[in-house]
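Structural features, examined
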Amino acid sequence: METQKKNSQPANKTSTSEEGEEEQCRADTSCAKNEKQEPSSPKQGDFSDPVYKEIAMANGTINQMNRDELRAKCAELKLDTRGIKDVLKKRLKSYYKRQKLMHSSAANANSDVYFDYICVVDYEATCEENNPPGFLHEIIEFPMVLIDTHTLEIVDSFQEYVKPVVNPQLSEFCVKLTGITQKMVDEAQTFHQVLKRAVSWLQEKELGTKYTYTFLTDGSWDMGKFLHTQCKLSCIRYPPFARKWINIRKSYRNFYKVARAQTKLICMLENLGMQYDGRPHCGLDDSRNIARIAIHMLKDGCQLRVNECLHSGEPRSVPVSAPIEGAPAPQNPKKRN
Ligand code: AMP
Ligand code: MG
């Protein structure tokens, strides 16, 4: 029962066209020189260090390998052996680069990631079976899962339920789909209050101040539909820190060169040799599983970059040529005028 939410996205939302745009390979040392558009990373390496020559040589060897040789090498190193030739190459290059940098004083092993942290968000919202046209979704679960892009680990998470106000009664369908009960939302606070605590949580982690970060979602709806609608309902200005994000479906599709139909959450996991862990449509479990995919992609050498933004209340593609900048520091929600 993969989501109607995602399936029902109008074509122009999921295809906010990034066709042909590449998620870049950070394993290639030649890329490193082209990364002037990156936010100034305090951990950038000194490329004169001999380790970069070693990496370039390893990349040269990998470039000479055919698919069977690449797969055999991946197997030998206990890496995932799935994917097209290009993916296998990037995976191996990324692996060698991390290994070599880990044993070198030249740089942090993941010095060339775009953001220090990636914050995965997957809202759950009120719904009905076959959501009638114009159905007003209210956010009922606000989860976040924080990925440290340097250690490639989930380092923290946040979860709060939210009391819906316009339609306080959950449909039977919604309870069954999300596992969120009437009691859970009755005892929860309103979106405005929960958003404030979400902001405090982000501020405690010094995101947007000491560290660069961005949000990541599974599809365009979390920010483009749920958050946008909820802010209107709660008479709050749309938070500037959530204006741009990484839509992992697009990144996945571009990086692994798969069809759109292969970018549903369970499908993305399975194609990477993983199983869904937890309860589907629990926002926190969904977020954790999305984070697992993101980590796998970073390990494979995919530079996850911001690829969507909110423009006049609609999700739009961010062109690959746009300067890369982290989200601004989160601020307390402001009332709409
Ligand atoms: P997801 O992130 O896939 O769990 O979905 C987020 C939200 O989209 C859910 O909380 C529902 O509000 C809505 N949704 C997902 N799947 C369905 C479905 N099959 N039918 C109706 N609404 C859905
Ligand atoms: Mg979900």
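Residues numbered from 1 in each chain as written. Chains lettered and ligands numbered in written order. Predicted model: local features only at pLDDT ≥ 70, side-chain atom pairs only at ≥ 80, totals over all residues. Heavy atoms only, no water.

1. Concerning the pattern of salt bridges
A complete count under the given rule lists 13 salt bridges for this structure. Close ionic contact of Glu187 with Lys183 constitutes a salt bridge, the shortest N to O distance being 3.2 Å. For the residue pair Glu187 and Lys183, the accessibility class agrees, reading exposed in each case. Within this structure, Asp80, Arg82, Arg91 and Asp300 form a network of salt bridges that share partners. (Salt bridge = Lys/Arg side-chain N within 4 Å of Asp/Glu carboxyl O. Buried < 20%, exposed > 50% of the residue type's maximum accessible area, 1.4 Å probe, protein only.)

2. Quick notes on the coordination of the magnesium ion (ligand 2)
Those donors, Asp122 (OD), Glu124 (OE) and Asp286 (OD), are the protein atoms that reach the magnesium ion (ligand 2), and they lie 1.9 to 2.0 Å from it. Between the donor residues of the magnesium ion (ligand 2), the gaps in sequence give the motif D-x1-E-x161-D. Of this pair, Glu124 sits in strand E2 (residues 124–125) while Asp286 sits in helix H13 (residues 283–299), and the two are 162 residues apart along the sequence. (Donors = N, O, S within 2.8 Å, 3.2 Å for Na, K, Ca; no water. Helix = DSSP H or I, 4+ residues; strand = E, 2+ residues; numbered from the N terminus.)

3. Re the pairing of strand E5 (residues 213–217)
In terms of burial, E5 is largely enclosed, as five of its five residues are buried. The alternating pattern of E5 places Tyr213, Phe215 and Thr217 on one face and Thr214 and Leu216 on the opposite face, and all of these are buried. Pairing analysis gives four bridges linking strand E1 (residues 117–121) to E5, with the strands arranged parallel. From the neighbouring strand, Ile118 faces E5, where its bridge partner is Thr214. Note on the crossover from E5 through helix H10 (residues 221–233) to strand E6 (residues 244–247): the handedness is right-handed. (Pairing = 2+ DSSP bridges. Right-handed = clockwise from strand over helix to strand, strands pointing away.)

4. Points about the packing of aromatic side chains
Per the stated rule, a full pass over the model turns up twelve aromatic pairs. Taking the centre distance of 5.7 Å and the plane angle of 75° together, the rings of Tyr95 and Tyr96 count as edge-to-face. Ring centres of Tyr114 and Phe115 lie 6.2 Å apart, and the angle between their planes is 65°; this geometry places the pair in the edge-to-face category. On the basis of relative accessibility, which here comes to 2%, the residue Phe115 falls in the buried class. (Phe/Tyr/Trp six-rings, centres within 6.5 Å; stacked < 30°, edge-to-face > 60°.)

5. Things to note about the confidence of the model for the protein chain
In the predicted model, the protein chain carries a mean pLDDT of 86, and the fraction of residues at 70 or more is 84%. Here residues 1–44 scores under 50 on pLDDT; set against residues more than four positions off or in separate chains, the count is 109 contacts. (pLDDT = per-residue confidence, 0-100. Contact = heavy atoms within 4.5 Å.)

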